[in-house]
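Breakdown of the fold
Okay, here's what each chain looks like letter by letter:
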Amino acid sequence: MYRTAAVDGFRLAYDRTGVGPAAVLLHGWPSDRTEYRDVVPLLPAVDVVVPDLRGFGASDKHPVDPAGGYSAEAQARSVIALIEELGLDRPVLAGHDIGSRVAQAVARQRPDLVRALVLTPPLPGIGERILTPAAQREFWYLPFHQLPVADELIDGRPDAVRHYLRHFWAHWSGPGFTLTDDHLDHLVSVYAEPGAFAASIGWYRVGAGGLARVVAERAPRPAERIAAPTTVLWPDHDPLFPAAWSDRLDQFFAHVRLQHIDSGHFLPLERPRDFAASVTAATSA
């Protein structure tokens, strides 16, 4: 494990393996860089960098204003600095869950740094569909994460962390996939440190948990679409993001290829070969 120089007071922990064209893999919630534990060995011909995002895993966690410290734009500043610090030559950015939002933010802020994107949901184009009763039954945790009681009930309490994380891993996973006990034990060990759970949900405390941003999102002008060639891997069994929500991607990405995958939400762990194959293809395009 390595650590970056500080950006806004945050240092990122990261792993780096392999040789060849570069790829940076960005994890989601509730996870850390070990989300790619089964993807990385499938990329021996790629220079793979896998960081913990701000507030996650072994990276720095600070009790700061979430908008300044944990937003997609703030996370992107750290990822951009990581790419520049390591001298990576236009890496592929691959992102799952919140890592997908961060990768998109990097591609918008610094398109010169990005060769291509490999993304799973969330993706733009959802709009007001996130406010339907069916969707809100799934996204109940967004308003809950706004409340101080979320910290009071969960932060620093290993048993509460275990029950809470296990709920999401069980409910969001696809048929036939169960997170291993050793992986859950690892996640509990890092999320149960005092302040760690609170830092991890700093992401959700920006912009009303993301709901306001999703509802207000409008398609940009064609010239302002994300220009990097983009592969979207959309799970068929994700209770958060129905496959029907993939219908507007071409309004936000100039060059997008959509692939539906027989997977639940946690695609990098559930279908690591599919994920690795898309990263390999993007690095060689």
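Notes on the structure in this doc start here.

Conventions adopted
Residues numbered from 1 in each chain as written. Predicted model: local features only at pLDDT ≥ 70, side-chain atom pairs only at ≥ 80, totals over all residues. Heavy atoms only, no water. Helix = DSSP H or I, 4+ residues; strand = E, 2+ residues; numbered from the N terminus. Axes fitted to C-alpha atoms, helices over the stretch in contact; angles between N-to-C directions. Parallel < 35°, antiparallel > 145°, perpendicular 65-115°, else oblique. Left-handed = near helix turned anticlockwise from the far one by under 90°. Contact = heavy atoms within 4.5 Å. Nonpolar A, V, L, I, M, F, W, Y, C, P; charged D, E, K, R; others polar. Buried < 20%, exposed > 50% of the residue type's maximum accessible area, 1.4 Å probe, protein only. Polar contact = N/O pair within 3.5 Å; in protein donor to acceptor, adjacent residues only side chain to side chain. Salt bridge = Lys/Arg side-chain N within 4 Å of Asp/Glu carboxyl O. Core = buried A, V, L, I, M, F, W, Y, C linked by side-chain atoms within 4.5 Å. Phe/Tyr/Trp six-rings, centres within 6.5 Å; stacked < 30°, edge-to-face > 60°.

Re unusual backbone geometry
Cis peptide bonds are those with omega within 30 degrees of zero, and the linkage from Trp 29 to Pro 30 qualifies with 0°. With respect to the secondary-structure elements, Pro 30 resides in the loop between strand 3 (22-26) and strand 4 (47-51). For the peptide bond that leads from Pro 121 to Pro 122, omega is 10°, which places it in the cis range. Positionally, Pro 122 belongs in the loop between strand 6 (116-119) and helix 4 (133-138). The backbone of Arg 90 sits at a positive phi, close to 45°, despite the residue not being glycine. Relative to the assigned elements, Arg 90 resides in the loop between helix 2 (72-86) and strand 5 (92-95).

Structural notes on the packing of helix 7 (residues 158-172) against helix 8 (residues 181-191)
Remark: helix 7 packs on helix 8, axes separated minimally by 9 Å, with the N-to-C direction vectors making an angle of 130°. With respect to helix 8, the axis of helix 7 lies oblique. Crossing geometry of helix 7 relative to helix 8 is assigned as right-handed. Residues Pro 158, Val 161, Arg 162, Leu 165, Arg 166 and Trp 169 of helix 7 touch helix 8, and the partners they reach there are Leu 184, Asp 185, Leu 187, Val 188 and Tyr 191. By residue class, the composition of the contact of helix 7 with helix 8 is eight nonpolar, no polar and three charged.

Focus: the environment of Asp 60
Position of Asp 60 among the secondary structure elements: in the loop between strand 4 and helix 1 (66-69). Its relative accessible area of 16% is what places Asp 60 among the buried residues. As a C-alpha pair, Asp 60 and Tyr 70 span 10 residues in sequence and 11 Å in three-dimensional space. Each residue touching Asp 60, except ones within four places of it in the same chain, is listed here: Arg 3, Gly 9, Phe 10, Arg 11, Arg 54 and Gly 55. A distance of 2.7 Å separates the side chain of Asp 60 from the side chain of Arg 3, its partner in a polar contact.

Digging into the pattern of salt bridges
With the rule as written, the count across this model stands at 15 salt bridges. Here Arg 33 makes a salt bridge to Asp 52, at a shortest N to O gap of 2.6 Å. Here Asp 52 lies in the loop between strand 4 and helix 1 and Arg 33 lies in the loop between strand 3 and strand 4, a separation of 19 residues in the sequence. Overall, Arg 33 belongs to the buried group, its relative accessible area being 15%. For Asp 52, a relative accessible area of 0% translates into the label buried. For Glu 84, the salt bridge is made with Arg 110, and the minimal N-O distance between the two is 2.8 Å. Pair noted here: Glu 84 is in helix 2 and Arg 110 is in the loop between helix 3 (98-109) and strand 6, with a separation of 26 residues, a long-range link. It is possible to trace a salt-bridge network through shared partners that takes in Asp 8, Arg 54 and Arg 77.

Concerning the nonpolar core
Core analysis: the biggest nonpolar cluster contains 69 residues, and Trp 29, Leu 93, Leu 117, Phe 139, Tyr 141, Tyr 164 and Tyr 191 have the highest contact counts within it. In terms of residue count, the dominant contributor to this core is helix 2 (seven residues). When residues no more than four places from it in sequence are discounted, the contact partners of Leu 117 are Leu 93, Ala 103, Ala 107, Ile 226, Ala 228, Pro 229, Thr 230, Thr 231 and Phe 253.

Some points on the packing of aromatic side chains
A full pass over the atoms with the stated rule returns 25 aromatic pairs. With 4.9 Å between their ring centres and 80° between their planes, Tyr 164 and Phe 168 make a pair best called edge-to-face. With Tyr 164 and Phe 168 both in helix 7, this residue pair falls four residues apart, about one helical turn. Judged by its relative accessible area of 0%, Phe 168 falls in the buried class.

The analysis is restricted to geometry; functional conclusions fall outside its scope.
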